[in-house]
Every structure is written in C-alpha cells, then in structure tokens.
Amino acid sequence: MTQLSEAVARYHKILEGDQYKDLSWAHELQERMKARNLAVSGRPVSPVLRPHFITRRQYTGLVKAVESFSSAIERVENMAIGNPTLLSRMELLPAEKMLAAVDPGYASLTVTSLIDTHLNNGTMRFARYIPDTPTGVAYGEALSDLFYDAPPVKQLRKRYHVEKLPGTKYLLQAILKAYKEWGGKSKKPNIAILEFRQPFQTTESGENALIADLFRKEGLQVEVVSPDQIEYRNDVLRRGDFAIDLVFRRIKVQEFLIRFDLTHPLLRAYRDRAVCVVNNFRSELAQKKAIFDLLTDESITAGFPAAERHAIREFVPWTRVVHETKTKYHNRTIDLPEFILHNRNKLVLRPNDDGVDQHSFRGSETDDAGWEKALKTALRNPYVVQEAMEPVVDTFPLLQYGHLEMQKMRVDVHPHSYLGKVQGCSSWLTAVGPSGFSTVSGVAPTFILEGK
C-alpha cells in the first residue's frame, strides 16, 4: 500500500469514528460552502467529504510536464496562425478565423488555462487543453480553506503533512501583466468579467462572483456583465456608466457567435484596440481538439525543443482529425477510416468542439455496428479520433440524503496555468452510474500529502 492510499484509508477510518457518526461536521461543512457562495442552484460545488490528495512527486512532475506542454501549445498555435494550411486543419468557423487574425495586443496567446489531466500513480495523460473558462480556480482555493480546517482533515494532519496549493493571486497577476503589455496605462483598470446568464438569472454565477470579490479586495473596480449589457461608443466599451478597460472573458467564442455576429460592441472594441481582452480570441485555437492533431504530427513538431517533444510523446494521446486520408500512426502509414474501423477497442471519437450537440463514442463501449455508424458521423462532421485513455477512479465519501455513502468517482486533475506557469490545481470529480450518466459531479480541493 502506498503512503497516499494508506492516508486515504486512514481518513475513511476516521469518518467511522464515534465523533463523526452523527455527521454534524459534514452538514456544517456544506452550510459553510453555501454561506461562502460555493453552491450552484443551492447545491454545494463540492459533492464529496474529503479532499483529493496527491504526492509532492506527482505535483512536481505535473508542473514540469504541463509547462512544457503549454509551451508546445503556444508554439503550434503561432505556427498555425501564420500558415493557412495548418490553420485549415483546425476546423475553425469562418468567424473564428477572422477573430484569430486580429492581433490582441500582447504576445501570449493564452494568459489563463487549465489542462484536463489523468493522474494515476506514476502515469499522466493530458485529455484536454481548456483556455477559456477555467472553472475551479476560485472554487478550488475557497474549498481548500474550508476543508483544511474541517475536523477529519485536522485529525489526519496530526499524522501527515497536508499542504494547500497556490490560488487566485497568480490569476490576477497574469491578467494585469497582459493588460500592461497591451498598452494599458492604469495601474488599477476597470475589469468586466464576461459571462452568459441563463433566462431569468438576476445575479452573477457563483465562481465569477468569487473572482470579482477577490479582484475588488485588491482595490480594483470590477463588474460581472453579460454581452447584451455592453455598448461601444466614443471609443469606449461600457456597461451603463462603467467604462471597461479590461475584459476577462469567461465564455466560449463559439457560444458567443451563436448569439451574436462580428458587429457586436465587444468585437468592434477589440478590433479597434479600445479594450484588452483576456483570454484573447486567438486562444480559441487551443480549445479545438484538432490542436492535438498538430501536436502529435511529428512532421510539424520535429524542430520543437526536446522538453516539448518529450511532453508530447509521453503525455498527449495520438490524435487525428477524421477525414478520408492516409496518415502516420507510430511511424507506419495507415488509411485513417479503415484504421478507425478495425481498431475500435483502443480508440475514441470526439467532437472537435466541447459543448456542441455531437456525442463522443468510446470504441470499447460500442459494438461493431454502432462504431461503423459513429465513424460515418465523424466523417460528416468536425471530429477527431484519439487513442483512448483509461479514466482514473477513486473512492470518495459523499453526504447523500442525510447518510454517508462511499462512491467511486472519476477524477480529472486540473492544473491551473498562468502565462505558461503552473500555480496550483483543482480536481473535477464525476460519479458515473451504470448508464454512464451522473448528476453527481463537482470540484474537490487538491492537497499535497506527505509523511511527517
């Protein structure tokens, strides 16, 4: 048994003790979440009753790998922007291409991001690069503070050293650094956090409200705004009387373009260099799963630095945009559709964009007829094929209907990267039922655990 698994077993044993059986501490923890705006529709953002623990060695390896990977992403994005052939492989919408052509005014294509990572003992694989709405940055920090002082964690800390990870101060530093490079003169710019609101939603969403409060504590004027609330006149972007210097974009470009066209006030102000937008619209290239196609094409990455090529080779799953074409798979030439058809057990088909109506298809969970049908779908729509990654599963205690239950949860670790440097991480947990669908999911604080 590893030290990590031993610590988790000890934590679960602590919960069986007499002092925790009445679950008053768990109800109090959830009430404190709600009181600190750590709830969505009245439900705590963390469904579990223990943190996710990782080792110092895992975190050190994660930081090194993610920073090399992020550098490779930035490099391949810059190549694609300057090369129409590579850009066409990204399967961008025409409006996305037009926005990507606009110089954002600062060098870094992605100021803030998180990387969806499968971290399991000595193995690590990157599932997605998420540059637009890094959910968990503020939630993770606030949850860390609550869980660190929860009675069972306090008791565990008598035996193990438990360390919180860096939080949101690095987020603000990165945003302000991009603003200064853009040409911003104010030391304390007015910031608009841009979000979509659901029909009849009268207040900002929980995490955006938390981020706004954190920025205000640093003396900044901040408002959470929806795109339909802003206007652009006299070279100033504003929401009512609030003049906006810096937009922190928390919405996907494709979602924005479904609702608005390129004449929207935000886009006109962006093109006129009247407002700094973080992340800029070029970062959307990395949102496409086709970015992994370029990364795993050695004819493109052959000249990359050795550390970046190592990170790609070790941690990025082989990926190709689905077309009628011949390509390389581990140094051998294959007919791509034929290869997909005959190797379903080790492959997965995914839409190029998250959030679209198309579904993913895991070959090992699909029969031959279903896989053939999925391939036809992928050939007609923007899809990628990837080598399948086994999900990381761990057991967590949950408070369900007033009772403590042990539930197997899929664990995705999300390191937070600011201007290419990793500063902390959170974890996203999902309980998957027999049908593959679950309503139980949320953020867990992530701690480094070591022996004393």
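In what follows, the structure referred to is the one given above.
Computed from a prediction, not measured in an experiment: that's the story for all the values here.

J.: Would you mind showing me how to read the overall build of the protein here?
T.: Counting its secondary structure elements, the protein contains 17 helices and 24 strands. Here the protein has a C-alpha radius of gyration of 23 Å; the compact-globule value for 452 residues is 22 Å, and the two agree. If one aligns the C-alpha atoms of the protein with their principal axes, the spans along those axes are about 65 × 60 × 45 Å. Counting only residues that meet the buried cut, the protein has 54% of its 452 residues in that class. Looking at the protein alone, contacts between residues at least 24 apart form 71% of all its contacts between residues at least 6 apart. As displayed, the protein offers around 20,700 Å² of accessible surface, 48% of which is attributable to carbon and sulfur atoms. Distance between charge centroids for the protein: 4 Å, based on 60 positive and 55 negative side chains.

J.: How do you make sense of the nonpolar core when you look at a structure like this?
T.: As a rule of thumb, nonpolar side chains are buried together in soluble globular proteins. Membership of the largest hydrophobic core comes to 55 residues, with the highest contact counts inside it found for Trp-25, Leu-38, Ile-191 and Phe-215. Within the second largest apolar cluster, 51 residues are counted, among which are Val-48, Val-76, Met-124 and Ile-448.

J.: Could you clarify how one ought to interpret the layout of surface pockets in this entry?
T.: Space inside the second largest pocket adds up to approximately 420 Å³. If you go around the second largest pocket, you meet 20 residues; those closest to its centre are Thr-296, Glu-298, Arg-313, Trp-318 and His-330. Secondary structure elements with two or more residues in the lining of the second largest pocket: α14 (298-301), α15 (306-315) and β15 (326-329). Here the residues of the lining of the second largest pocket are counted per class, giving 7 nonpolar, 5 polar and 8 charged.

J.: Sorry if this is basic, but what is going on with empty space enclosed by the protein here?
T.: The probe, sized like a water molecule, is rolled over the atoms to show the empty space still left. Counted under the stated rule, the structure contains 1 cavity of 30 Å³ or more. Considered as a void within the structure, the largest cavity measures approximately 50 Å³ in volume. Lining of the largest cavity is provided by Ala-127, Arg-128, Tyr-129, Ala-286, Gln-287, Lys-288, Lys-289, Ile-291, Phe-292, Asp-354 and Gln-386. Counting residues per element, the ones that place at least two in the lining of the largest cavity are β5 (123-130), α12 (284-287) and α13 (291-295).

J.: Can you help me understand the side chain of His-416 in this one?
T.: Structurally, His-416 is set in strand β21 (residues 403-418). Look at His-416 and you get buried, because its relative accessible area is 3%. From its side chain, His-416 meets the backbone oxygen of His-414 in a polar contact 3.4 Å long. Those residues in contact with His-416, other than ones at most four positions away along the chain, are Ser-113, Leu-114, Gly-136, Val-137, Lys-421, Val-422, Gln-423, Gly-424, Cys-425 and Ser-426.

J.: Please clarify how the environment of Arg-89 should be interpreted in this entry.
T.: In this fold, Arg-89 is placed in the loop between α4 (84-88) and α5 (94-100). When its relative accessible area of 25% is taken as the criterion, Arg-89 is described as partly exposed. Taking the C-alpha atoms as reference points, Arg-89 and Gly-442, separated by 353 residues in sequence, lie 34 Å from one another. There is a polar contact of 2.7 Å between the side chain of Arg-89 and the side chain of Asp-293.

J.: Can you walk me through the packing of helix α6 (residues 137-148) against helix α9 (residues 206-216) in this structure?
T.: Angle between the axes and distance between the axes are the two parameters that describe a pair of packed helices. At their nearest, the axes of α6 and α9 sit 8 Å apart, and the two run at 75° to each other. Taken together, the axes of α6 and α9 lie roughly perpendicular to each other. In this structure, α6 contributes Val-137, Ala-138, Tyr-139 and Glu-141 to the contact, and α9 contributes Gly-206, Glu-207, Leu-210, Ile-211 and Leu-214. Taken together, the residues of the contact of α6 with α9 break down into 6 nonpolar, 1 polar and 2 charged.

J.: How should I be thinking about the pattern of salt bridges in this particular structure?
T.: As a working rule, side chains carrying opposite charge can pair if their charged atoms are close by. Tallied over the full model, the rule gives 23 salt bridges. For Arg-273, the salt bridge identified is with Asp-103, shortest N-O distance 3.9 Å. On the criterion of sequence distance, the pair formed by Arg-273 in the loop between α11 (265-271) and β13 (276-278) and Asp-103 in the loop between α5 and β4 (112-120) is long-range, its members being 170 residues apart. Under the relative-accessibility criterion, Asp-103 is labelled partly exposed at 44%. Via salt bridges that share partners, Arg-56, Glu-163 and Glu-450 belong to a single interconnected network.

J.: How should unusual backbone geometry be read in this particular structure?
T.: Glycine aside, the phi torsion of most residues is negative, and most peptide linkages are trans. Note that the residue after Val-278, namely Asn-279, is joined by a cis bond; omega there is -10°. Its place among the elements puts Asn-279 in the loop between β13 and α12.

J.: What should I look at first to understand the environment of Ile-251 in this one?
T.: Locating Ile-251 in the fold gives a position in the loop between β12 (246-249) and α10 (253-259). Exposure remark for Ile-251: the relative accessible area of 3% places this residue in the buried category. Each C-alpha atom of the pair Ile-251 and Pro-227 lies 9.7 Å from the other, and the pair is 24 residues apart in sequence.

So, how was this worked out
- Residues numbered from 1 in each chain as written.
- Predicted model: local features only at pLDDT ≥ 70, side-chain atom pairs only at ≥ 80, totals over all residues.
- Heavy atoms only, no water.
- Helix = DSSP H or I, 4+ residues; strand = E, 2+ residues; numbered from the N terminus.
- Rg over C-alpha atoms; globule rule 2.2 N^0.38 Å.
- Buried < 20%, exposed > 50% of the residue type's maximum accessible area, 1.4 Å probe, protein only.
- Contact = heavy atoms within 4.5 Å.
- Areas by Shrake-Rupley, 256 points an atom, 1.4 Å probe, with all protein chains shown as cover.
- Lys, Arg positive; Asp, Glu negative; His and termini not counted.
- Charge placed at Lys NZ, Arg CZ, Asp CG, Glu CD.
- Core = buried A, V, L, I, M, F, W, Y, C linked by side-chain atoms within 4.5 Å.
- 1 Å grid on protein atoms, 1.4 Å probe; cavity = no way out; pocket = protein on both sides within 12 Å on 5 of 7 lines; lining within 4 Å.
- Points joined across faces, edges and corners; volume = space filled by probe spheres on them.
- Nonpolar A, V, L, I, M, F, W, Y, C, P; charged D, E, K, R; others polar.
- Polar contact = N/O pair within 3.5 Å; in protein donor to acceptor, adjacent residues only side chain to side chain.
- Axes fitted to C-alpha atoms, helices over the stretch in contact; angles between N-to-C directions.
- Parallel < 35°, antiparallel > 145°, perpendicular 65-115°, else oblique.
- Salt bridge = Lys/Arg side-chain N within 4 Å of Asp/Glu carboxyl O.

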